[in-house]
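Letter by letter, the chains look like this.
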Amino acid sequence: MAWAATRLLTAAALVLFEASLLEDPMRWLAHIDQRGVAQAFPEYPWPAVGLLSVPIAFGALNLYTYGGAVLLGVLVADAGFAWLLWRAAGRRASAGLWLWLLAVPAIGPLILARYDILPGVLAAAALLALQRGAPAAAGACTALGIGLKVWPALGLPALLVPGSAGSRARLIGGLLGAGAALAAATVAAAGVERLWSPLTVQLNRGLQIEAFAALPLHWLRYVDGGVRWSTVDVEACACIEVAGPGTGTALAAASAAALAGGAALAWLHLRALRAPDAARSVALAGLLVILVVLLSVATSRVFSPQYMIWLAALLAALGALPGGMLERGDAVLFLGACLLTHLLFPFGYPTLYGTPRGFGHFAMLVALTLRDALLVAL
């Protein structure tokens, strides 16, 4: 009942107040129609494009049919994940399940109009499969997640922490088997260069307006009145970037922070691998995966609102695992960050990238600053 109530609320908000979010499914439809399945969206791994083209193959060619197919697919994945959380906690409503039930309306209808729930759920399902004693399935889930969005690869080192050498071998076998199948499908459908095009596109991006490194420039832009700093609509990636003095320095600082954080995380992973068997739990692996994703989000040149979906799925899985390592304070921090993200997108975006003037722009900068602070605290 709780799942149905929260999802009806979220779907109603999409139809009544945030229908502009349906522009994303329509953009997918138009782009695939114009460029074909092989050439569309080089910033996504090709299996994601193949998946997005499935409704088209069945004749979904307008807002109602294609958008409806996307909504149905998201709700099916959502319901399936909620069931996995319930089962993982011994068929009871765990802290993880409640976090997931609340996170979806907190993030808002964005979760229904983008496909990021799928890689998020797959990355979380890898943890649940590992807890269930199915390392090969965990590896396959990770490979499938990477095939939709590259980021689940960040969690692979943590997945190798629990279990024995044999368990790790089976996990890697499942990963390589599913990964080889996806790679073969990609090469057959779109050519070998399509295997690395998502990385190439991401490395060539500038400083997106929600990136943590862009926050000081936003405040400078507000004080400056938009004279020396501006926002640029980049059609190639359907994103908005900050341009002006200090942009290169901000990007360099983010890269330095990523290297420093990466070194600290490597040390944590090494400590975990050397820990006694009893300490190397799946819950510990879950904490490490969440830390890696948080670090990536905080130091990336890009921040998109759908990143909150990734974290929601991982935190929910952590809360469903034995050991109770999802603390109430962490859940509160995250849900607060979700609500602020929902305020910023889609409602506050035009104000945020528009001409910096008045109380509205100031309020959106405060919301952006608080959201970033909550994620750093988490």
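Residues take numbers from 1 onward in each chain, read along the sequence in its written order. Residues qualify for local features only when their pLDDT is at least 70, as the model is predicted, and side-chain atom pairs are given and counted only at 80 or more; totals for whole chains, interfaces and linings, by contrast, use all residues. Only hydrogens and water are set aside; all other atoms, that is, all heavy atoms of the structure, feed into the side-chain values.

The next point concerns the packing of aromatic side chains. The description of an aromatic ring pair uses the distance of the two centres, along with the angle that the planes make with each other. Only Phe, Tyr and Trp rings are paired, with Trp represented by its six-membered ring, and only when their centres lie within 6.5 Å; those with planes under 30 degrees apart are stacked, over 60 edge-to-face, the remainder tilted. Enumeration over the complete set of coordinates arrives at 14 aromatic pairs. Consider the rings of Tyr 44 and Tyr 115, whose centres lie 5.6 Å apart with planes at 75°: the pair is edge-to-face. Taken together, the positions of Tyr 44 in the loop between helix H2 (23-39) and helix H3 (46-52) and Tyr 115 in the loop between helix H7 (110-113) and helix H8 (117-131) put the pair 71 residues apart, joining distant regions of the chain. When sorted by exposure, Tyr 44 lands in the same class as Tyr 115, which is buried. Centroid distance Trp 219 to Phe 362: 5.8 Å. Interplanar angle 75°. Geometry classified as edge-to-face. Of this pair, Trp 219 sits in helix H13 (residues 215-224) while Phe 362 is found in helix H18 (residues 358-377), placing the two residues 143 residues apart along the sequence. For every residue, the accessible area obtained with a 1.4 Å probe (protein chains only) is divided by the maximum for its type, and the residue is called buried under 20%, exposed over 50%, and partly exposed between those limits. In this structure Trp 219 comes out as partly exposed when scored by relative accessible area, which is 27%. The structure contains a cluster of three or more aromatic residues connected by ring pairs, namely Trp 151, Phe 212, Phe 303, Tyr 307 and Trp 310. Residue placement shows Lys 149 over the ring face of Tyr 115; its charged tip is 5.3 Å from the ring centre. By definition here, charges over rings are those cases where NZ of Lys or CZ of Arg is within 6 Å of the ring centre and within 35 degrees of the ring normal. Taking the ring centre of Phe 303 as reference, the NZ or CZ of Arg 371 above it sits at 4.1 Å. The secondary structure listing takes helices from DSSP runs of H or I that are at least 4 residues long and strands from runs of E that are at least 2 residues long, numbered from the N terminus.

A separate point is the pattern of salt bridges. By salt bridge we mean one thing: a side-chain nitrogen of Lys or Arg within 4 Å of a carboxyl oxygen of Asp or Glu. Tallying each qualifying case throughout the model produces eight salt bridges. Asp 78 serves as the salt-bridge partner of Arg 7, at 2.5 Å between the closest nitrogen and oxygen. Of this pair, Arg 7 sits in helix H1 (residues 2-16) while Asp 78 sits in helix H5 (residues 63-88), and the two are 71 residues apart along the sequence. For the salt bridge of Asp 224 with Arg 228, the shortest nitrogen-to-oxygen distance reads 3.4 Å.

Further remarks concern unusual backbone geometry. For the bond running from Phe 345 to Pro 346, omega is 10°, close enough to zero to count as cis. Among the secondary structure elements, Pro 346 is positioned in helix H17 (residues 328-353). With a phi angle near 45°, Phe 41 is a residue other than glycine that sits in the positive phi range. By the secondary structure assignment, Phe 41 is in the loop between H2 and H3.

This part takes up the pairing of strand S2 (residues 239-243). With respect to burial, S2 is a largely interior element, four of its five residues being buried. Two strands form a pair only when DSSP identifies at least two bridges running between them. Bridging between strand S1 (residues 230-234) and S2 involves five bridges; their strand directions are antiparallel. Across the sheet, the residue bridging to Ser 230 is Ala 243, located in S2. Taken together, S1 and the strand that follows it, S2, pair antiparallel across an intervening segment of four residues, in which Ala 238 is found at a positive phi of about 50°.

This part takes up the packing of H5 against helix H16 (residues 307-320). The geometry of H5 relative to H16 is characterised by a closest axis approach of 8 Å and an angle of 25° between their N-to-C directions. Comparing their axes, H16 and H5 come out roughly parallel. Taken as a pair, H5 and H16 cross one another with a handedness that is right-handed. On H16, the residues that touch Phe 81, Leu 85 and Ala 88 of H5 are Ala 313, Ala 316, Ala 317 and Ala 320. In this count, Pro and Cys sit with the nonpolar residues alongside Ala, Val, Leu, Ile, Met, Phe, Trp and Tyr, while Asp, Glu, Lys and Arg are called charged and the others, Gly among them, polar. Its residues placed into classes, the contact of H5 with H16 shows seven nonpolar, no polar and no charged. Simply put, an axis is a line fit to the C-alpha atoms, just over the touching stretch for a helix, and the angle between two N-to-C directions goes from 0 to 180 degrees. When an angle is under 35 degrees it counts as roughly parallel; over 145 it counts as roughly antiparallel; between 65 and 115 it counts as roughly perpendicular; any other value is oblique. Handedness of a helix crossing follows the sense of rotation of the near helix relative to the far helix, less than a right angle counterclockwise being left-handed and clockwise being right-handed. Contacts are assigned to residue pairs that have any heavy atoms within 4.5 Å of one another.

Before going further, it helps to spend a moment on empty space enclosed by the protein. Points on a 1 Å grid over protein atoms alone make up a cavity when a 1.4 Å probe fits among them but cannot get out, and a pocket when they form an open set with protein on both sides within 12 Å along at least five of seven lines; lining residues each have an atom within 4 Å of a point. Grid points are joined across faces, edges and corners, and a volume is the space filled by probe spheres set on the points. Tallied over the entire structure, the rule returns one cavity of 30 Å³ or more. For the largest cavity, the calculated volume is near 60 Å³. Forming the walls of the largest cavity are Ala 123, Ala 126, Thr 142, Trp 151, Pro 152, Leu 154, Gly 155, Leu 156, Leu 159, Val 289 and Val 293. For the lining of the largest cavity, the secondary structure elements donating two or more residues are H8, helix H10 (156-159) and helix H15 (282-299). Within the lining of the largest cavity, the residues separate by chemical class into nine nonpolar, two polar and no charged.

The length a helix should cover is 1.5 Å for every residue beyond the first. Here H16 is 14 residues long and its end C-alpha atoms lie 21 Å apart, about the 20 Å a rise of 1.5 Å per residue gives. The buried count for H16 comes to 14 of 14 residues, which makes it a mostly enclosed element.

Two elements in contact, helix H6 (residues 95-107) and H17, have axes separated by 8 Å at closest approach and are oriented at 20°. Here H6 lies roughly parallel to H17, going by the angle between them. As for how H6 packs across H17, the hand of that crossing is right-handed. Touching Leu 99, Leu 102, Ala 103, Pro 105, Ala 106 and Ile 107 of H6 are Ala 331, Phe 334, Leu 335, Cys 338, Leu 339 and His 342, all from H17.

Positionally, Thr 247 belongs in helix H14 (residues 247-274). Sequence-distant contacts of Thr 247, defined by excluding residues within four places in its chain, comprise Leu 207, Leu 217 and Val 242.

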